Amino acid sequence: ESGTADWQELSVAQVRLPALGEPAMPDELDGGPVNLNLADTSRLESLPGIGPTLARAIVDERDRGGPFAQVDDLVRVPGLGPVRIESLRDLVAT
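About the cut-offs
Residues numbered from 1 in each chain as written. Predicted model: local features only at pLDDT ≥ 70, side-chain atom pairs only at ≥ 80, totals over all residues. Heavy atoms only, no water. Salt bridge = Lys/Arg side-chain N within 4 Å of Asp/Glu carboxyl O. Helix = DSSP H or I, 4+ residues; strand = E, 2+ residues; numbered from the N terminus. Buried < 20%, exposed > 50% of the residue type's maximum accessible area, 1.4 Å probe, protein only.

> Quick question: what am I supposed to make of the pattern of salt bridges here?
Two side chains that carry opposite charge are able to pair once their charged atoms sit near each other. Counted under the stated rule, the structure contains five salt bridges. With its nearest N and O atoms 2.9 Å apart, the salt bridge here joins Asp60 to Arg56. A residue pair is termed a helical-turn pair when its members lie 3 or 4 positions apart in one helix, as Asp60 and Arg56 do in helix α3 (residues 52-65) at four residues. Asp60 sits in the partly exposed class, given a relative accessible area of 29%. Assessed through its relative accessible area of 40%, Arg56 is described here as partly exposed. The closest approach of N and O atoms between Arg89 and Asp72, which form a salt bridge, is 2.6 Å.

Encoded structure:
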């Protein structure tokens, strides 16, 4: 038929864009805290006491349970208890 379009399935990735005036990657650019909601496993592994297993657990929990609203939400991650969370408090942000 004339005028009929062929449609193909399209996968769309979710992309977070910085807010107006916000640096593109604030934790990378200014040496500030690691953003728990944006960091990949290699960035998380740069934190003291966070190796590959805990970094993967943080990302998995973020993917499964949604963004971390506050640093204390790290308690959702198996293997991260109050003492370790407290040691990370000044090094991370949400």
